Amino acid sequence: MRIAILSRMPRSYSTRRLRQACVDRGHQVQVLDTLRFSIMVEKDEPELFYRHRRIPAYDAVIPRIGASITFFGVAVVRQFEQMGVYVANESIAITRSRDKLRAMQILSRHDIGMPPTMFVRDKDEILPAIRRVGGVPVIIKVLEGTQGVGVILAETEKVAEAIIQTLHSAKQNVLIQKFVKESEGCDIRALVVGDRIVAAMRRRAAVGEYRSNVHRGGSIESVTLEQEYQRTALRAAQIMGLNIAGVDMLESSDGPQVMEVNSSPGLEGIENATGIDVADAIIENIENQVLFPEVDLKQRLRLTGGYGIVEFPVHNMPDLEGKPLRETGLADRNIHVMCITRYDSVIPNPRADELIHTGDVLLCFGDLHELRGMMPPRPRRRRKGSKTGKKGPTKK
Ligand SMILES: Nc1ncnc2c1ncn2[C@@H]1O[C@H](COP(=O)(O)OP(=O)(O)O)[C@@H](O)[C@H]1O
Ligand SMILES: [Mg+2]
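Observations concerning helix 4 (residues 100–108)
So, point 1. Residues of helix 4 that are buried: K100, L101, A103, M104 and L107. Taken end-on, helix 4 shows its buried residues confined to a sector of 160°, consistent with a single buried face.
So, point 2. Elements that come into contact with the buried residues of helix 4 comprise helix 3 (91–98), strand 8 (117–119), strand 9 (138–142), strand 11 (174–178), helix 7 (227–240) and strand 16 (255–262).
So, point 3. The backbone nitrogen of L101 lies 2.9 Å from a side-chain oxygen of the residue at the head of helix 4, namely D99.

Below, the structure is given as structure tokens:
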């Protein structure tokens, strides 16, 4: 295969290791400086130039996009996608993970532990937000910080409020997050490649420091992850749509809490801590995936006109409940059930004799008109907080 690694730092540990892994596995590889591309947008023919020349046909691209060049870097990755080249991490997924708030919002709809987090703008909302996440000491985070810069532990409400107001006046967006004390300056980094965790380590903050980033003097050790931590890391990467990801989790008394999901995880720390050849695992995964470049599903489906993918829970649908799939009449209505979610398990491509249960969630592809016709009257949305009477905003 012909593989391109997009990196601004050809001599960095991660880039060198990925390059070597490509060579060792018999591929042709080039490291290309992300900022030296020109993107040409023209009718019917997306193109890329590198140092004034049209690029050759690559089979796969490995993006290593640093935070400082996110916008341009992601545009280059997106251009490769438009040209039908397989990319190891999709541009949209890189964008999602780069913004900590956006990432947490996306994860929060799923069963993924995370530290309670608030995002506010009005100064009168700051104090209530601090209290709502559990009070001081509290963590304040600049939205696009990396390497621990922009993560502040504030001990008192006064100080926290002052810091947040100062950051606001400097036009910085900040998150207010519960300080997970019991993690004691440690966190877990799980390296996900495809659908498995290839390596994991625990990072320990230096004495007198609460941030465990290696750049902040943290130390590292290999760790075997408990099942709950494995599940959380894998799911978080999947939900973000990242094929290669470094998932950071705090060890809270309630189990794993995801802080961030990195789309260009460094290899040096994790390979040194574990002795595992992560670079090789990444290239092996690319070999297996390269036949199937990402498709923009929504874009493609819109082109089919009148067809779409919908997901719905089975409730008040006597045509479906308790019947095997073949007797539901779905096939006759030009509706294909792609997947059934039942409690924690997922049944992909269910067979014709699969029984549909009440409460199953069906993911279907089909004629939208037919699909609309099947739906029971819209139920009133149940508010999650109303269960406990605790979580919802108080009415004024
Ligand atoms: N809510 C929290 N509770 C306790 N420690 C935290 C919390 N959030 C971050 N930390 C510590 O600070 C470090 C950096 O935070 P993180 O959100 O990963 O920012 P960055 O992108 O700068 O690495 C983490 O690795 C962890 O050690
Ligand atoms: Mg981090």
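What to know about the side chain of R211
So, point 1. Tracing the backbone through its elements, the reader meets R211 in the loop between strand 13 (196–204) and strand 14 (219–222).
So, point 2. A relative accessible area of 18% means that R211 is categorised as buried.
So, point 3. Among the polar contacts listed, one links the side chain of R211 to the side chain of E209, at a separation of 2.7 Å.
So, point 4. R211 has contacts with G148, V149, V151, A205 and R216, leaving out every residue within four places of it along the chain.

With respect to the domain arrangement of the protein chain
So, point 1. When the domains of the protein chain are assigned, the result is domain 1 (2–96), domain 2 (116–179), domain 3 (182–262) and domain 4 (297–374).
So, point 2. Look at where the C-alpha atoms of domain 1 and domain 3 centre, and you get two points 26 Å apart.
So, point 3. Facing the seven residues of domain 1 at the interface are six residues of domain 3.
So, point 4. In this assembly, domain 1 packs against domain 3 so that about 520 Å² is buried in total across both faces, 48% of it on carbon and sulfur atoms.
So, point 5. If you sort the residues of domain 1 by the area they bury against domain 3, N89, A93 and R96 come out on top, with a joint share of 68%.
So, point 6. Where domain 1 meets domain 3, there are four residue pairs in polar contact (both at pLDDT 80 or more).
So, point 7. Here the element with the most residues in the side of domain 1 that touches domain 3 is helix 3; it accounts for three residues.
So, point 8. Among the residues making up the side of domain 1 that touches domain 3, the classes are represented as four nonpolar, one polar and two charged.

Side note on the sheet that holds strand 4 (residues 47–50)
In sheet architecture, strand pairing relies on hydrogen bonds along the backbone and comes in two forms, parallel and antiparallel.
So, point 1. If you walk across this open sheet you meet the three strands as 3-4-5, and the pairing is antiparallel. Edge positions in the open sheet fall to strand 3 (37–40) and strand 5 (53–54), since each of these has one partner strand only.
So, point 2. Looking at chain direction, strand 3 and strand 4 are connected through four bridges and run antiparallel. Bridge pairing in strand 4 places F37 opposite Y50.
So, point 3. Strands in contact with helix 2 (residues 70–82) are strand 3 and strand 4; relative to strand 3, the strand with the most contacts, it is inclined by about 55°.

Observations regarding the site of ligand 1
So, point 1. If you check the shell around ligand 1, you find 21 residues, and the closest are K141, G148, D187, N213 and E260.
So, point 2. Contact distances for ligand 1 include 2.9 Å between an oxygen atom and a side-chain N or O atom of S212.
So, point 3. Contact with the protein chains hides 98% of the accessible area of ligand 1, taken as 540 Å² for the molecule alone.
So, point 4. Of all elements in the fold, only strand 9, strand 11 and strand 16 reach the threshold of two or more residues within the shell around ligand 1.
So, point 5. In terms of residue class, the shell around ligand 1 is made up of seven nonpolar, seven polar and seven charged.
So, point 6. When we break the shell around ligand 1 down by domain, the ones giving at least three residues each are domain 2 (116–179) and domain 3 (182–262).

Observations regarding the sheet that holds strand 7 (residues 86–87)
So, point 1. Read across the open sheet, the four strands follow the order 2-1-6-7; overall the sheet is parallel. Unpaired on one side and paired on the other, strand 2 (28–32) and strand 7 mark the two borders of the sheet.
So, point 2. The pairing of strand 1 (residues 2–6) with strand 2 spans five bridges and is parallel. Following the sheet pairing, L6 is matched in strand 2 by L32.
So, point 3. Running over the sheet, helix 1 (residues 13–24) touches strand 1, strand 2 and strand 6 (60–63) and is turned about 160° from strand 2.

A word on the pattern of salt bridges
So, point 1. Evaluation of the coordinates by the stated rule reveals 21 salt bridges.
So, point 2. For the salt bridge of E251 with R202, the shortest nitrogen-to-oxygen distance reads 2.9 Å. Of this pair, E251 sits in strand 15 (residues 244–252) while R202 sits in strand 13, and the two are 49 residues apart along the sequence.
So, point 3. Here D360 and R342 are joined by a salt bridge, their closest N and O atoms 2.8 Å apart. Residue D360 is found in the loop between strand 19 (345–348) and strand 20 (361–367), and its partner R342 is found in strand 18 (residues 335–342); the two are separated by 18 residues along the sequence. In this pair, the class of D360 matches that of R342, namely buried.

Let's talk about the environment of I188
So, point 1. Locating I188 in the fold gives a position in strand 12 (residues 186–193).
So, point 2. I188 sits in the buried class, given a relative accessible area of 1%.
So, point 3. For the pair I188 and M1, spaced 187 residues apart in the sequence, the C-alpha separation amounts to 34 Å.
So, point 4. For I188, the contacting residues outside a window of four places in its chain are M201, R202, V223, L225, Y229, V247, D248, M249 and E251.

Focus: the packing of aromatic side chains
So, point 1. Under the criterion given, the structure shown has four aromatic pairs.
So, point 2. Ring plane angle 85° and centroid distance 5.8 Å describe the contact between F37 and F80, whose orientation is recorded as edge-to-face. A residue pair is termed long-range when its members are at least 10 positions apart, and F37 in strand 3 and F80 in helix 2 qualify at 43 residues.
So, point 3. Since its relative accessible area comes to 4%, F37 is described here as buried.
So, point 4. Judged by centre distance (6.5 Å) and plane angle (70°), the ring pair of Y58 and F80 falls under edge-to-face. With Y58 in the loop between strand 5 and strand 6 and F80 in helix 2, this residue pair connects regions lying 22 residues apart in the sequence. The same class applies to Y58 as to F80, namely buried.
So, point 5. A connected cluster of aromatic rings, assembled from ring pairs, spans F37, Y50, Y58 and F80.
So, point 6. Over the ring of Y58 we find R2, and its NZ or CZ is 5.5 Å from the ring centre.

Rules behind the numbers
Residues numbered from 1 in each chain as written. Chains lettered and ligands numbered in written order. Predicted model: local features only at pLDDT ≥ 70, side-chain atom pairs only at ≥ 80, totals over all residues. Heavy atoms only, no water. Buried < 20%, exposed > 50% of the residue type's maximum accessible area, 1.4 Å probe, protein only. Helix = DSSP H or I, 4+ residues; strand = E, 2+ residues; numbered from the N terminus. Arc of directions from axis to C-beta. Contact = heavy atoms within 4.5 Å. Polar contact = N/O pair within 3.5 Å; in protein donor to acceptor, adjacent residues only side chain to side chain. Domains from an automatic or database assignment. Buried area = accessible area lost by both parts, 1.4 Å probe. Nonpolar A, V, L, I, M, F, W, Y, C, P; charged D, E, K, R; others polar. Pairing = 2+ DSSP bridges. Axes fitted to C-alpha atoms, helices over the stretch in contact; angles between N-to-C directions. Near = heavy atom within 4 Å. Areas by Shrake-Rupley, 256 points an atom, 1.4 Å probe, with all protein chains shown as cover. Salt bridge = Lys/Arg side-chain N within 4 Å of Asp/Glu carboxyl O. Phe/Tyr/Trp six-rings, centres within 6.5 Å; stacked < 30°, edge-to-face > 60°. Lys NZ or Arg CZ within 6 Å of the ring centre and 35° of its normal.

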